Structure formats: C-alpha cells, structure tokens
Amino acid sequence: MGFARTCSVALVGVEGVVVEVQAGLEPGVAAFTLVGLPDKSLTESRDRVRAAVVNSGGEWPQKKLTVGLSPASVPKGGSGFDLAVACAVLGAAERIDPRVLADIVMIGELGLDGRVRPVRGVLPAVLAAADAGYEQVVVPECTAAEASLVPGVSVLGVRSLRQLVAVLTDEPVPHEEPEEPGRPDLMLAGLSVPGTGAGTGLGGAPDDAHALDLADVVGQAAARTAIEVAAAGAHHLFLQGPPGAGKTMLAERLPAILPPLSREDSLEVTAVHSVAGMLPPGRPMLDVAPYCAPHHSATMQSLVGGGKGLARPGAVSLAHRGVLFLDEAPEFSSQALDSLRQPLESGHVVIARSAGVVRLPAKFLMVLAANPCPCGRHTLLGDGCDCPASVIRRYQARLSGPLLDRVDLKVEVEPVTRSELAGYATRGESTRTVADRVRAARERAMARLSGTGWRTNSEVPGHALRTRWPAVPGALDAAELDLERGFLTARGLDRVLRVAWTVADLAGHDRPCAQDVALALQLRTGIARGVPTAIGAAR
C-alpha cells in the first residue's frame, strides 16, 4: 500500500488550523474517496486534481485511492486544499518522495490545466503554519508577497503543478509562459469576492483618500475638535445635524489623521481583509487605517459577521483598527444597531453557529451620523420642520440609550452659513497639521500606559484612571455634579474622564485640569461649558 502525507490549512474565521492531508493507495477498483468533513467545493477537488495531474504530464494511479483530512472534526471548505491533495496522491504513487512532503504546508487551487490559482486567506493560513512550527510553505506565485510577510517561513511561489513537482524531485523547472501583456490576469480572480471592489464602502480607504483634506471642511469648529479628539484617543463619535452640514465629509477625513498602523496591527488588518477577499491588487499588506461605510439597509449578519456554515467577517471586522461609519444611523434596523453594543466594549465578536464558534477581531472607531428628524430641518433657523413632535421622538429613539451611552463624543453639527462659505481667510487646519498633533498625543498616551497592555485612553478602565492616574484635584467636580443630577451614568463619567485625558494629551498637559474636563463634558453632553472649543486655545 502506498502512503504519503503533507499539510494544508483550514480557516476558521480569521484563524487557521493546520490540516494533515493523507493519501493511501491500495489494490482494488479505481476510485477516489475524500473524507474528513469536506464541504461541496472541497469535494469537487477530486475532479480538479485528477485533471490537473493528467494535464501536467503525470499518470493517475489506477487503484483505490483514499484521501483523508485530519483532524476530521474540523469543518473544511474552499479550494485551497487542491495543491496538497495532488502532491499527497503523487507521493503515494511514488512520483514524489513522501519524506519530502511531510514537513511542507501547501495552499492553492488547481486549474484543470495544472495552473496553481490563488485563494483568499493566504496570510492567516501562513501565520497558522508558522505558529504550528512549520518552516516551508508553498503558495500560488501571485500571493507569495503576502505569504512572505510572516517572518521565519520559507515561501515558495509556484505557477503550476509541473513546476512544484520539478522542484520537489530535483528536476529542471519548466518555464511557464506569463499572461500576455495588456490582458487581465485571470489568476487574480480568486483573491476577491464579487461586489467588494472599490467604491462599495465595505473596506479600505475612501475613494480618492489622498485628495481628502480637513481644510476643505468649512466652519464646524466643534465638530473638527471632536474628530481630532476621537482620533487621538480612539473615542466613538456621534454627529447630529441637518443634511449638507458636512457630517460625511468629516467622517471620510477621519482615517487620514489616524496614526499609521504598526506591523502587528497591519498583519491583523491584512489577515481579515485577505479572508474577506478585499485586499487591494498589488498591496499585500495594509498599513493605513481601514474605512468601512455600509449602507443603512445592512443586516445584522453583514455588520457583525455571518453567512452559511462558519461565519465570515462582517463590517465591524473589516473596520478593525480603523473607522466604521454609519451614515443615516437611525435608518439602520434596531437589531443591527444593538448588535454593535458587545463589540464596542470587548473589541471582538464571538459568533456561534451549528458548524462551530468563530471569534473575529472588531476593535474599531465608530462614527454615527444622523439627521435631527426625518425631514432634517428640525434645528434649522428660519425654516420650518413639518415633522410632529411624536415623529421626531420616535425617530431619535431608534438609537437606543445603551448604544449612545457607549459613545464618548456627541456633537451638534450646525448648518454652514453664507459668510463661512465665502470667508476663505478662516480656512481650517490641514489634515497633515492635525495628524501630527494626533500622533504626538498618541505617543504621550502610549508612554504613560507602557507596560499595562493598553495603548489608547479609550481602553483604560475608569477605576485605573481614578486611582493610578488621577486628575488635578477638583477637576472632576462638574462631572460628579452631573452624575448626581442624572445627566451622566457611571459609565458616562468614566468616558468623560477618558476624553479629558485625551484632551490633556493634545494640549500637552501632564494630567487633566478643570478646563480639560469641562471640554470633555461639553463634547459628551453637547451643553456649553464656557471653555474654548479649539484644543489648547486660551489655556
């Protein structure tokens, strides 16, 4: 009986499980049996692998063939096992030395002509292989750059099964003709999901992100300050105002003022987008904060993750380490909005399905935007609102109290006046200027929080802020008074203190003073506290 084994990786959410692919040949009627809890797409690999081996010049064994995927208790799906199955079969048929295959992880889909096609999720698969102790990985040639991001792993990118067999048997490697210049590379089709390209708002940066500058936003001093504070401390933000006031403009410019992602964060973000099939062509690693803006018709499953079988990443995971913008927030279903409450607190999503439990990362900065009423003219001076008071209350109540209590900053976006539009001398600060200030504030916070496991002020528990890093004596008097009056909850008081620390970091203060807390209260409650809106002004 011929036997050979090699390895591949099964993805469970955005995490990988190393799977041993075993092939056994025994006398009997020629048949091909695949076992190990495969799904429909994996079961079809039997025909793909057979055709690929024959069209690559190999001889298909005319014996009873059994291919097992171990551990058998883990659900397996997708076409990424094709390459490992083909090599295991060739090893059992003694075309390849089985000892060479045992310590290699292979990931890739096979075409009927033997070409190796790319699959989604190469980065998390290689990360799982490296964690399991494997040092050699074979991937499709066009995903070799993505796989090479993992340190300590030797990556071999192949274009066809013939090339891989030649490398494993020490034979001359045949030359594969590349695609004709000017023609679309069909090999890249496996890296993306239909309907997730540029302009869909499901991931990546906003369209023409390089041309979006904060200086283009006219007026809105309070909202600009709120955007800066949100970026510096990773605080959630709620913008409310009439249509055309600039809420979407502000949200689209928020990712540009966020600090660049660290290498660890880049690997996390790239892994999620790789599994979702949303990696931009030619960019194996994402180093900027992602931006996700789903339509208000999005379902709960599309927001937090879901789908048939094991759950796939949703909008909250695609916005991991970036910005999740929910425009027209009251138009989202209440079930979808309330499903955000748990990831806002924990930074991850745990989805249980009959096929298994998946844990997806979801540490994002949420920005909500809403009109004051269905017609949008409730707060406009000089123009009447046709909405009855009961309709306005119902419209605003679509955003539940527990959800809004998790939002640190609530800002009223005022309509832009004619004088502001014509006053070019009052042009606001540019994105670069604000980004530099945000980066400096983040560095102060990280230096203060070093060794604690927290990196931003929004992550620090209120108890730690009150005991380990107290504010200036008497600075919290106004906030504690609001707590007694019922204007703030205990969670709200903690969030005011976190925002005050961010304001202090932006202003260069050692710890929050009364003015820092007053500005934090103003940004939290929307009630004027008699302090300058601009950070560091008249302090």
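For the structure, see preceding data.
Read on for an overview of the structure. (Residues numbered from 1 in each chain as written. Predicted model: local features only at pLDDT ≥ 70, side-chain atom pairs only at ≥ 80, totals over all residues. Heavy atoms only, no water.)

### Brief notes about the pairing of strand β4 (residues 64-70)
This is how it is decided: Only strands that DSSP links by at least two bridges are regarded as paired with each other. Secondary structure elements are taken from DSSP: a helix is a run of H or I of four residues or more, a strand is a run of E of two residues or more, and numbering for both begins at the N terminus.
Across seven bridges, strand β2 (residues 15-26) lies against β4 in antiparallel orientation. Bridging across to β4, Gln22 finds its partner in Gly68. Here strand β3 (residues 31-35) runs beside β4; their pairing, made up of five bridges, is parallel. Opposite Val35, over in β4, you have Gly68 as the bridge partner.

### Describing the side chain of Arg498
Rules: Per-residue accessibility, obtained with a 1.4 Å probe over protein chains only, is compared with the maximum for each type, and a residue is labelled buried under 20%, exposed over 50%, and partly exposed between these values. Counted charges follow a simple rule, with Lys and Arg positive, Asp and Glu negative, and His plus the chain ends left uncounted. Just to be clear on terms, a salt bridge is a Lys or Arg side-chain nitrogen sitting within 4 Å of an Asp or Glu carboxyl oxygen. Here a residue-residue contact requires only that any non-hydrogen atoms of the pair lie within 4.5 Å.
Here Arg498 lies in helix α21 (residues 490-507). Here Arg498 is buried and forms no salt bridge, its nearest opposite-charge partner Asp494 lying at an N-O distance of 5.1 Å. Contacts of Arg498, omitting those with residues within four sequence positions, involve His235, Asn457, Ser458, Val460, Pro461, Gly462 and Leu465.

### Some words on the sheet that holds strand β16 (residues 409-412)
For clarity, the cut-off: Helix axes use the C-alpha atoms of the stretch in contact, all axes being lines fitted to C-alpha atoms, and the angles between their N-to-C directions lie in the range 0 to 180 degrees.
One open sheet holds the five strands; their spatial order is β11-β12-β15-β10-β16, and the pairing between them is parallel. The sheet is open, and its two borders are formed by β11 (291-292) and β16, each paired with just one other strand. When β11 meets strand β12 (residues 323-326), the two strands line up parallel, connected through two bridges. Pairing of Tyr291 across the sheet is with Val323, part of β12. Relative to the sheet, helix α8 (residues 221-233) contacts β10 (237-240), β15 (365-370) and β16, its axis offset from that of β16 by approximately 165 degrees.

### Quick look at the pattern of salt bridges
If you walk through the whole model with that rule in mind, you get 25 salt bridges. The shortest N-O distance in the salt bridge between Asp482 and Arg529 comes to 2.7 Å. Separated by 47 residues along the polypeptide, Asp482 in helix α20 (residues 477-485) and Arg529 in the segment after α22 (514-525) bring together distant segments of the chain. What makes Arg529 partly exposed here is its relative accessible area of 26%. Bridged by salt links that share partners, the residues Glu345, Asp405, Arg406, Asp408, Arg491, Arg495 and Arg524 form one connected network.

### Overview of the environment of Gly376
Tracing the chain through its elements places Gly376 in the loop between β15 and α15 (389-396). Judged by relative accessible area, which is 0%, Gly376 ranks as buried. Contacts of Gly376, omitting those with residues within four sequence positions, involve Pro242, Pro243 and Asn371.

### Focus: helix α3 (residues 82-92)
The element α3 is extensively covered by neighbouring structure, given that 11 of its 11 residues are classed as buried. Turning to α3, its buried residues are Asp82, Leu83, Ala84, Val85, Ala86, Cys87, Ala88, Val89, Leu90, Gly91 and Ala92. With its phi angle positive at about 65 degrees, Glu94 sits one or two positions after the end of α3.

### Quick look at the nonpolar core
Rule in force here: Here the nonpolar core consists of buried residues drawn from Ala, Val, Leu, Ile, Met, Phe, Trp, Tyr and Cys, with membership extended through side-chain atoms lying within 4.5 Å.
In terms of nonpolar packing, the biggest core is built from 57 residues, with Val229, Leu237, Leu239, Leu254, Ile257, Val367 and Val517 touching the most fellow members. No other element matches α21, which puts eight residues into this core. Other than its neighbours up to four places away in sequence, Leu239 contacts Ala223, Lys247, Leu250, Val367, Leu368, Ala369, Ala370, Val411 and Val413.

### A few points about the state of the cysteines
Counted only if it meets this: When two cysteine sulfur atoms are found within 2.5 Å, that pair is recorded as a disulfide.
Enumeration according to the criterion identifies zero disulfides in this entry. Left unpaired, Cys7 is separated from the closest cysteine sulfur, that of Cys87, by 12 Å.

### Overview of helix α5 (residues 122-131)
Taking burial as the measure, the 10 residues of α5 include seven buried ones, the bulk of the element. For α5, the complete set of buried residues consists of Val122, Leu123, Pro124, Ala125, Val126, Ala128 and Ala129. The inward-facing, buried residues of α5 contact β1 (2-12), β2, β5 (104-106), β8 (136-140), α6 (144-147) and α10 (263-276). Note on α5: the residue one or two positions beyond its end, Gly133, has a positive phi of about 100 degrees.

### A look at the packing of α20 against α21
Let me state the cut-off plainly: Under this scheme an angle from 65 to 115 degrees is roughly perpendicular, one under 35 degrees roughly parallel, and one over 145 degrees roughly antiparallel; angles in between are oblique. Helix crossings are classified by the rotation of the near helix relative to the far one: an anticlockwise turn of less than a right angle makes the crossing left-handed, while a clockwise turn makes it right-handed. We call Asp, Glu, Lys and Arg charged. Ala, Val, Leu, Ile, Met, Phe, Trp, Tyr, Cys and Pro are nonpolar, and the rest, Gly among them, are polar.
The contact between α20 and α21 brings their axes to 10 Å, and the two run at 165 degrees. Overall, the two elements α20 and α21 adopt an arrangement that is roughly antiparallel. Viewed along their axes, α20 and α21 form a crossing whose handedness is right-handed. Between α20, through Ala479, Glu480 and Leu483, and α21, the contact on the second element is made entirely by Ala490, Leu493 and Val496. Grouping the amino acids of the contact of α20 with α21 by side-chain chemistry returns five nonpolar, no polar and one charged.

### As for the packing of helix α18 (residues 431-448) against α21
One can describe the packing of α18 onto α21 by two numbers: an axis separation of 8 Å at closest approach and a directional angle of 115 degrees. Crossing of α18 against α21: the hand is right-handed. Together, Arg437, Val438, Ala441, Arg444, Ala445 and Arg448 of α18 and Trp501, Asp505 and Leu506 of α21 make up the contact between the two elements. Each residue belonging to the contact of α18 with α21 can be placed in one class, and the counts come to five nonpolar, no polar and four charged.

### So, the environment of Leu488
Structurally, the position occupied by Leu488 is in the loop between α20 and α21. Residue classification places Leu488 among the buried positions, given a relative accessible area of 7%. A C-alpha to C-alpha distance of 57 Å links Leu488 and Glu141, two positions 347 residues apart in sequence.

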